[in-house]
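# Commentary on secondary and tertiary structure
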Amino acid sequence: MTSEQQVDTLVTPEMEEKKGVWENERVSYPVSESDIRKWALASYWPEKPPQLFWDEEYAKGTKWGGIIAPQDFNPFAWPIDRPPRQESNGPRSGRGQRGMNGGQVETFGVPIRPGDVITSRTRLKDWNERETRLGLTLFTETEMEWRNQRGEHVKTRISTGIRY
Amino acid sequence: MPINVYFEDVNVGDELPEWSRTTDFMSWNRYAAVNDEFVYIHMDDEAGRAALNERGAFGMGNLRYTYLLNALRDWIGDEAEIREAAVQYRAINQKNDTLTVTGKITDKKVEDGENRVYLETNVVNQLGETTCPGHAVVVLPNRS
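Residues numbered from 1 in each chain as written. Chains lettered and ligands numbered in written order. Predicted model: local features only at pLDDT ≥ 70, side-chain atom pairs only at ≥ 80, totals over all residues.

The next thing to look at is the overall build of chain B. Helix and strand content of chain B: three helices and five strands. Ordered by position from the N terminus, the helices and strands of chain B form the series β-α-α-α-β-β-β-β. Referenced to the eigenvectors of the C-alpha coordinate spread, the extents of chain B come out at roughly 55 × 30 × 25 Å. Counting over 144 residues, chain B shows a buried share of 38%. Partitioning the contacts of chain B with sequence separation of at least 6, the portion at a separation of at least 24 is 66%. (Helix = DSSP H or I, 4+ residues; strand = E, 2+ residues; numbered from the N terminus. Buried ≥ 20, exposed ≤ 12 C-beta atoms within 10 Å, placed from the backbone. Contact = placed C-beta atoms within 7 Å.)

Right, let's talk about the overall build of chain A for a bit. Scanning chain A for helices and strands turns up three helices and five strands. Helices and strands in chain A line up, N terminus first, as α-β-α-α-β-β-β-β. Counting all 164 residues of chain A, 26% fall into the buried class. Of the contacts formed within chain A by residues at least 6 apart in sequence, a portion of 69% connects residues at least 24 apart.

For the rest of this paragraph, the subject is the interface of chain A and chain B. Residue-level contacts link 25 residues of chain A with 24 residues of chain B. Elements with a contribution of two residues or more to the side of chain A that touches chain B: helix H2 (33-44) and strand S2 (99-108) of chain A. In terms of residue count, the dominant contributor to the side of chain A that touches chain B is S2(A) (eight residues). In the side of chain A that touches chain B, the residues fall into eleven nonpolar, ten polar and four charged. Across four bridges, S2(A) lies against strand S2 (residues 81-87) of chain B in antiparallel orientation. By the bridge assignment, Thr107(A) is partnered in S2(B) with Glu84(B). (Nonpolar A, V, L, I, M, F, W, Y, C, P; charged D, E, K, R; others polar. Pairing = 2+ DSSP bridges.)

Attention shifts here to H2(A). Residues spaced three or four apart along an α-helix point in a common direction, a consequence of the helix completing one turn every 3.6 residues. All names here are of chain A. With twelve residues, H2 should reach 16 Å at 1.5 Å per residue; the first-to-last C-alpha distance of 16 Å fits that figure. When we look at burial in H2, the residues that qualify are Asp-35, Ile-36, Trp-39, Ala-40, Ser-43 and Tyr-44. The arc enclosing the buried residues of H2, seen along the axis, measures out at 140°, which places them on a common side. (Expected span 1.5 Å × (residues − 1). Arc of directions from axis to C-beta.)

Residue and element names in this part refer to chain B. As judged from the six bridges shared by S2 and strand S5 (residues 134-139), these two strands associate in the antiparallel manner. Its bridge partner lying in S5, Val-87 is registered against Gly-134. Pairing analysis gives six bridges linking strand S4 (residues 114-124) to S5, with the strands arranged antiparallel. When the bridges of S5 are listed, Glu-120 appears paired with His-135.

Turning our eyes to something else, we now look at helix H3 (residues 61-76) of chain B. All names here are of chain B. Helix length check: H3, at 16 residues, gives a terminal C-alpha distance of 23 Å against a target of 22 Å (1.5 Å per residue), a fit within 8%. Of all 16 residues that make up H3, 14 are buried, and the element is covered over most of its length. Positive phi appears at Gly-77, one or two residues downstream of H3, with a value of about 85°.

Attention now goes to the domain arrangement of chain A. Residue and element names in this part refer to chain A. Domain boundaries in chain A define domain 1 (1-30 + 97-164) and domain 2 (32-74). The straight-line distance from the C-alpha centre of domain 1 to that of domain 2 is 28 Å. On the side of domain 2, ten residues touch domain 1, which itself brings six residues to the contact. The residue makeup of the side of domain 1 that touches domain 2, split by class, is five nonpolar, no polar and one charged. (Domains from an automatic or database assignment.)

Right, let's talk about unusual backbone geometry for a bit. A cis amide bond links Trp45(A) to the next residue, Pro46(A), at an omega of 10°. Tracing the sequence through the fold places Pro46(A) in the loop between H2 and helix H3 (56-60). Phi is positive for Trp78(A), close to 65°, though the residue is something other than glycine. Tracing the backbone shows Trp78(A) in the loop between H3 and S2. Phi at Asn96(B) is positive, roughly 70°, even though this residue is not glycine. Structurally, the position occupied by Asn96(B) is in the loop between S2 and strand S3 (98-111). With 10 C-beta atoms counted inside 10 Å, the residue Asn96(B) sits in the exposed group.

Attention now moves to the environment of Glu47(A). The topology assignment puts Glu47(A) in the loop between H2 and H3. With 25 residues separating them along the chain, Glu47(A) and Trp22(A) place their C-alpha atoms 39 Å apart.

One open sheet accounts for ten strands, arranged S1(A)-S3(A)-S4(A)-S5(A)-S2(A)-S2(B)-S5(B)-S4(B)-S3(B)-S1(B); its pairing is antiparallel. In this open sheet, the two strands that pair with only one neighbour each are strand S1 (23-27) of chain A together with strand S1 (20-22) of chain B. Averaged over all adjacent pairs, the angle separating strand axes in this sheet is 20°, with direction ignored. (Axes fitted to C-alpha atoms, helices over the stretch in contact; angles between N-to-C directions.)

Structural data, given as structure tokens:
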């Protein structure tokens, strides 16, 4: 016999209210050449990273016209004030409290450059719920959008969360 | 500037050049430092075992995603672009794993004014196990 409460759905009223509503807006510090260089060094370690990410003279000769950041660069690392831990998009107790990261899809626009200030916002985009080998399982899609100070699209990430 | 690969020169079925990294605390800690990603399961063996990984601390998924982008970038060069990349996080990245990024071209077409090449991708460990199946779309320059 299971001690878990049987539920018909893992979708909560809070989710219904939040669907499609942008939230969690934040603004990065200005990105520096040094931030980009350190990111590139760490992520390419133990090999030297591409010059595009640290050599301005080289980068000027490329289509980009100057140093740019790799697409995986995170301009929100090391904030002074840490944002509160985000509430999960799922039930508060019992069934649906177990979760997994179902992966992500990122689409890229313009690159991040030294001096850029990036704004980010997220929204609960969609979900679907079905029976799987784990039982009743909720798949949520959270959309995160980054834009630079010129309003240009930098990146969109759709993350899939799995709750069961 | 040198171009690594032109749109005209790639074909469906072509595979990414070999790209690998051996991972352990050195690589995880360096990545954690820049990404501000200090999580005990990636830093401490006891915490890793408490998370039900018998071998202790394990690598972060974000680093494997970074490896995918690095491998794509090394192939396409500085005059091309990555337009899209996707991963699912499956098997754990254990200490001293050698991770290899694999990719195979599944389609190429001109779309929205861009020379787009579609790839099926993965990050596999030294045992050939899938750790991050996914896909990518890159935009390549023309020869002329």
